[in-house]
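An overview of the molecular structure
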Amino acid sequence: MASTSSSIVFDDIFTTDAIDKDGKKFDRVSRLYARSKNYDMDLTLDYNTELFPLLNGDNFAMALASSLSRDGGAPNADGEDGEDKDRDVWRPDGKGRRGLEEDYDYVMYGKVYKFDTGSSDIVTAYASFGGLLLSITGSYRHLTNVVLGDPVYVLLRK
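Here's what I pulled together on the structure shown here. (Residues numbered from 1 in each chain as written. Predicted model: local features only at pLDDT ≥ 70, side-chain atom pairs only at ≥ 80, totals over all residues. Heavy atoms only, no water.)

1. So, the packing of aromatic side chains
If you walk through the whole model with that rule in mind, you get six aromatic pairs. Measuring from centroid to centroid gives 5.9 Å for Phe 14 and Phe 60, while their planes differ by 20°, and the two rings are stacked. Of this pair, Phe 14 sits in strand E1 (residues 8–19) while Phe 60 is found in strand E4 (residues 59–65), placing the two residues 46 residues apart along the sequence. Here the two residues Phe 14 and Phe 60 agree in accessibility, since each one is buried. (Phe/Tyr/Trp six-rings, centres within 6.5 Å; stacked < 30°, edge-to-face > 60°. Helix = DSSP H or I, 4+ residues; strand = E, 2+ residues; numbered from the N terminus. Buried < 20%, exposed > 50% of the residue type's maximum accessible area, 1.4 Å probe, protein only.)

2. Structural notes on the environment of Tyr 106
With respect to the helices and strands, the residue Tyr 106 is situated in strand E5 (residues 106–117). Accessibility expressed as a relative area gives 6% for Tyr 106, which makes it buried. In the structure, Tyr 106 is positioned 58 residues away from Asn 48 in sequence and 9.1 Å away in space, judged by C-alpha atoms. Non-local contacts of Tyr 106, meaning those with residues more than four positions away in its chain, are made with Tyr 47, Asn 48, Leu 51, Phe 52, Leu 132, Val 154, Leu 155 and Leu 156. Within the structure, the side chain of Tyr 106 is placed 3.0 Å from the backbone nitrogen of Asn 48, a separation counted as a polar contact. (Contact = heavy atoms within 4.5 Å. Polar contact = N/O pair within 3.5 Å; in protein donor to acceptor, adjacent residues only side chain to side chain.)

3. Topic: the side chain of Thr 16
Mapping Thr 16 onto the fold places it in strand E1. If we skip the residues at most four places from it in the chain, Thr 16 touches Leu 32, Tyr 33, Ala 34, Leu 54, Leu 55, Asn 56, Gly 57, Asp 58 and Phe 60.

4. With respect to the nonpolar core
Membership of the largest hydrophobic core comes to 30 residues, with the highest contact counts inside it found for Leu 43, Phe 60, Met 62, Leu 134 and Ile 136. For this core, the secondary-structure elements that each account for two or more residues are E1, strand E2 (29–36), strand E3 (42–48), E4, E5, strand E6 (122–129), strand E7 (132–139) and strand E8 (151–157). The element best represented in this core is E6, accounting for four residues. Leu 43 has contacts with Phe 14, Leu 32, Tyr 33, Ala 34, Phe 60, Met 62, Leu 134, Ser 135 and Ile 136, leaving out every residue within four places of it along the chain. In this structure, Ile 8, Ala 63, Tyr 104 and Tyr 153 belong to the second largest nonpolar core, which totals eight residues. (Core = buried A, V, L, I, M, F, W, Y, C linked by side-chain atoms within 4.5 Å.)

5. Comments concerning the pattern of salt bridges
Evaluated as defined, the whole model comprises seven salt bridges. For Lys 24, the salt bridge is made with Asp 20, and the minimal N-O distance between the two is 3.7 Å. On the basis of relative accessibility, which here comes to 17%, the residue Asp 20 falls in the buried class. Here the salt bridges share partners, and the residues they tie into one network are Arg 35, Asp 40 and Asp 42. (Salt bridge = Lys/Arg side-chain N within 4 Å of Asp/Glu carboxyl O.)

6. With respect to unusual backbone geometry
Its identity as a non-glycine residue notwithstanding, Asp 20 has a phi of 55°, on the positive side. Mapping Asp 20 onto the fold places it in the loop between E1 and E2. Unusually for a residue other than glycine, Asp 40 sits at a positive phi of about 55°. Mapped onto the secondary structure, Asp 40 falls in the loop between E2 and E3. By relative accessible area, which is 47% here, Asp 40 ends up partly exposed.

Dropping the structure here:
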């Protein structure tokens, strides 16, 4: 799992079980269903198929992060929190500091909007990325750093 100084709140390797099993609803968007290798988590994710093509059975790494900053937005030497310095982590002109997005192929920004507690220690976290949805289900122990109402980045790479 992620270290306490990192902005990554969850990461694992997933294997795609199915893509669009309920039928394709949009031209460039698919819904994937995947299972994690290490933590036995179930993932459902809407993603852009042109930007990140996947096939059934493909493996990919997924991380959830609270920030793109590599240091997790920890207070700096001036005693300020990392929010101001986090502002320029990603810039379209490439002049900002390099963040976590440099290590991944596909990144989306959104918000955790729902957290369901299921049976015993199984929970489901839901996030929306401008209408593209994510749900991740598994042991609460692996999702303790995912907080309802917090902004979240999903980062994917093959």
